[in-house]
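The primary structure of each chain is shown beneath.
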Amino acid sequence: MKKRQIFLNQDEMPRQWYNILSDIKMNPPLGPNGNPVTPEQLAPVFPMNLIEQEVSTERWIDIPEEVLDVYSIWRPAPMVRAYNLEKALGTPARIYFKNESISPPGSHKPNTAVPQAYYNKVFGIEKMTTETGAGQWGSALSFACSHFGVECKVFMVRISFDQKPYRKTMMAAWGGNCVPSPSMDTRAGREALEKDPNTPGTLGIAISEAIEAAVGDESGKTRYSLGSVLNHVMLHQTVIGLEARKQMEKVGEYPDIIIGCAGGGSNFAGLAFPFVLDKINGKDIAIYPVEPAGCPTLTRAPFVYDHGDTARYTPLLPMHSLGHAFVPPPIHSGGLRYHGMAPTVSQLVNEGICEPRSVTQGKAYAAGVLLARTEGIIPAPETNHALAAVVEEAVRAREEGKEKVILFNWSGHGLLDLGAYEAYLSGNLKEDIDLPDTLLTEAGEVYAGNPKPGKLSSRR
Ligand SMILES: *Cc1c(COP(=O)(O)O)cnc(C)c1O
């Protein structure tokens, strides 16, 4: 029998998260008056303990015991050597992945949902509101809230609400309350419905709704939660990469190539950031965030100041953005349909430390099916984008005759995304979503008048 899985004992689980803000310089988020946002301005939206984490520049931040306790339900996550994929591709590359699909909600998202629910609880918050695209984040936060006795309300992007009814049921099973977005519950939702009663919804609109629902609650006991993009989310996800580093060490390996799919950037960042530190310090690693060609934030949109949501409730964030009013085509990968990108990931791309790629929906599903037939797990549609890049790199290694070590993040399973697989397997999935430049230019008009982020450099 091959030694396929590389385990850590539970007492080898990381006790601290890695904070990349200690090692890179960032443009600050800007408030309505054009000045950097103060913690006080964010206080109606997030609990202060998370705001402190958002702006911290400490390199290592302790993981609270209560969080470790919930993590231990599924962590440490195994690392797997993808022997069968290597064989199927005839590649000399050695391919490893972190299997984040084994968490109860089925993705990496509870890595941050759990600490967010914990810090809200400790701060005295009784209810959390959030948005969800494909439903992964809504189910992760419902799961996390159930552990800490916090109420959870989820605004789910309409197209996914209709396509993925079982995600709602999952949320309900963990006690969460899920409504389709745009909804009539908020001003942002009502305005979106007025403009287009048949809108498929966007993450940008759903974020506006969830922020409004939190800030508008007069009890003061409700806060908003974001499942990606923000610094503290990237921080919590680094538990993935920190485990991965230990696991690679156990088998005497170090990656040449790191790959993760990127929607808001968190699962990619979680795996990559601990290795980014090595790269800043001189290691030679190629680090690829992979996005869908139908929502090409890092590969085709500029690095600008833009809002994180459609109704412009959030501060201006320095990030690659397609424009806060951009409505991505209805690709079967709800988790990657976001107009912006984590400022940290955007900054690293801007500096050339991470090199973004995009893949079409057809290529993504072809890779997903290949992985299902070799490694066994049916991947989430989002993960399929990473897989397409893994296959490309493994084939390149074969053509060049190079023994590359490839490490990627298996961000989730696709067992509640079978409608999309059905479409792919019956030949009804749209292969290519071709976005003309003019569409992107028009969408970008919304940030044309904003300040420009400055050039900063993290290279030592
Ligand atoms: C949400 C999600 C993503 C995309 O979000 P990131 O913040 O970019 O990680 C990727 N994969 C899965 C399985 C998801 O649920």
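Residues numbered from 1 in each chain as written. Predicted model: local features only at pLDDT ≥ 70, side-chain atom pairs only at ≥ 80, totals over all residues. Heavy atoms only, no water.

A. Examining the sheet that holds strand S7 (residues 151-157) more closely. Across the sheet, four strands lie side by side as S8-S7-S6-S9; this open sheet has parallel pairing. The outermost strands of the open sheet, each flanked by one partner alone, are strand S8 (177-181) and strand S9 (222-224). Adjacent strand axes in the sheet meet at a mean angle of 25°, parallel and antiparallel pairs treated alike. Here strand S6 (residues 127-132) pairs with S9 via three bridges, running parallel. Across the sheet, methionine 128 pairs through a bridge with arginine 223, a residue of S9. Helix H6 (residues 136-148) rests against S6 and S7 of the sheet, and its axis sits at about 160° to S6. Strand contacts of helix H8 (residues 165-173): S6, S7 and S8, with the helix running at about 175° to S7, the strand carrying the most contacts. (Pairing = 2+ DSSP bridges. Helix = DSSP H or I, 4+ residues; strand = E, 2+ residues; numbered from the N terminus. Axes fitted to C-alpha atoms, helices over the stretch in contact; angles between N-to-C directions. Contact = heavy atoms within 4.5 Å.)

B. Expanded view of the packing of helix H12 (residues 239-250) against helix H13 (residues 266-280). As a packed pair, H12 and H13 sit with axes 6 Å apart at the nearest point and diverge in direction by 55°. With respect to their mutual orientation, H12 and H13 come out oblique. Note that H12 runs across H13; the crossing there is right-handed. Residue-level contacts link Ile240, Gly241, Leu242, Ala244 and Arg245 of H12 to Asn267, Gly270, Leu271, Pro274, Phe275 and Asp278 of H13. (Parallel < 35°, antiparallel > 145°, perpendicular 65-115°, else oblique. Left-handed = near helix turned anticlockwise from the far one by under 90°.)

C. Here's a closer look at the nonpolar core. Counting 68 residues, the largest nonpolar core has Trp17, Tyr71, Val114, Phe273, Val276, Val345 and Leu407 as its most contacted members. Not counting chain neighbours up to four residues away, the residues in contact with tyrosine 71 comprise Met13, Trp17, Ile63, Pro110, Asn111, Val114, Pro115, His236 and Val239. Listed in part, the 30 residues of the second largest apolar core include Ile257, Tyr288, Ala389 and Ala394. (Core = buried A, V, L, I, M, F, W, Y, C linked by side-chain atoms within 4.5 Å. Buried < 20%, exposed > 50% of the residue type's maximum accessible area, 1.4 Å probe, protein only.)

D. Fine view of the pattern of salt bridges. Tallied over the full model, the rule gives 18 salt bridges. For the salt bridge of glutamate 253 with arginine 94, the shortest nitrogen-to-oxygen distance reads 2.5 Å. One end of the pair, glutamate 253, is in the loop between H12 and strand S10 (257-261); the other, arginine 94, is in strand S5 (residues 94-99), and 159 residues separate them in sequence. You can call glutamate 253 buried: its relative accessible area is 13%. Residues arginine 357 and glutamate 392 are paired through a salt bridge, measuring 2.7 Å at the closest nitrogen-oxygen approach. Here glutamate 392 lies in helix H17 (residues 381-400) and arginine 357 lies in strand S14 (residues 357-359), a separation of 35 residues in the sequence. (Salt bridge = Lys/Arg side-chain N within 4 Å of Asp/Glu carboxyl O.)

E. Expanded view of the sheet that holds strand S15 (residues 405-410). The seven strands lie next to each other as S1-S4-S5-S15-S10-S11-S14, forming an open sheet whose pairing is mixed. Only two strands of the sheet have a single partner each, and these edge strands are strand S1 (5-6) and S14. With five bridges joining them, S10 and strand S11 (residues 286-292) adopt parallel strand pairing. Note that in S11 the partner of glycine 260 across the bridge is proline 289. Of the strands in this sheet, S1, strand S4 (79-81), S5 and S15 are in contact with H12, which crosses S5 at around 140°. Against the sheet, H13 makes contact with S5, S10, S11 and S15, and its axis sits at roughly 155° relative to S10, the strand it touches most.

F. Highlighting the site of the ligand. Around the ligand lies a shell of 18 residues, among which Lys109, Ser228, Gly263, Ser266 and Asn267 are the nearest. One of the side-chain N or O atoms of serine 266 is found 2.7 Å from an oxygen atom in the ligand. Contact between the ligand and asparagine 267: an oxygen atom at 2.7 Å from a side-chain N or O atom of the residue. Relative to its unbound accessible surface of 380 Å², the ligand loses 98% to contact with the protein. When its residues are assigned to classes, the shell around the ligand shows four nonpolar, 12 polar and two charged. (Near = heavy atom within 4 Å. Polar contact = N/O pair within 3.5 Å; in protein donor to acceptor, adjacent residues only side chain to side chain. Areas by Shrake-Rupley, 256 points an atom, 1.4 Å probe, with all protein chains shown as cover. Nonpolar A, V, L, I, M, F, W, Y, C, P; charged D, E, K, R; others polar.)

G. Summary view of the packing of H6 against H8. Where H6 contacts H8, the two axes come as close as 8 Å, and the packing angle between them is 10°. Between H6 and H8, the crossing angle belongs to the class labelled roughly parallel. Together, Gln136, Gly138, Ser139 and Ser142 of H6 and Arg167, Met170 and Met171 of H8 make up the contact between the two elements. Classifying every residue of the contact of H6 with H8 by side-chain character gives two nonpolar, four polar and one charged.

H. Main features of helix H9 (residues 187-195). Those residues of H9 not exposed but buried are Ala188, Gly189 and Ala192. One side of H9 holds all its buried residues, which, seen down the axis, span an arc of 100°. The N-cap residue of H9 is threonine 186: its side-chain oxygen and the backbone nitrogen of glycine 189 are 2.9 Å apart. (Arc of directions from axis to C-beta.)

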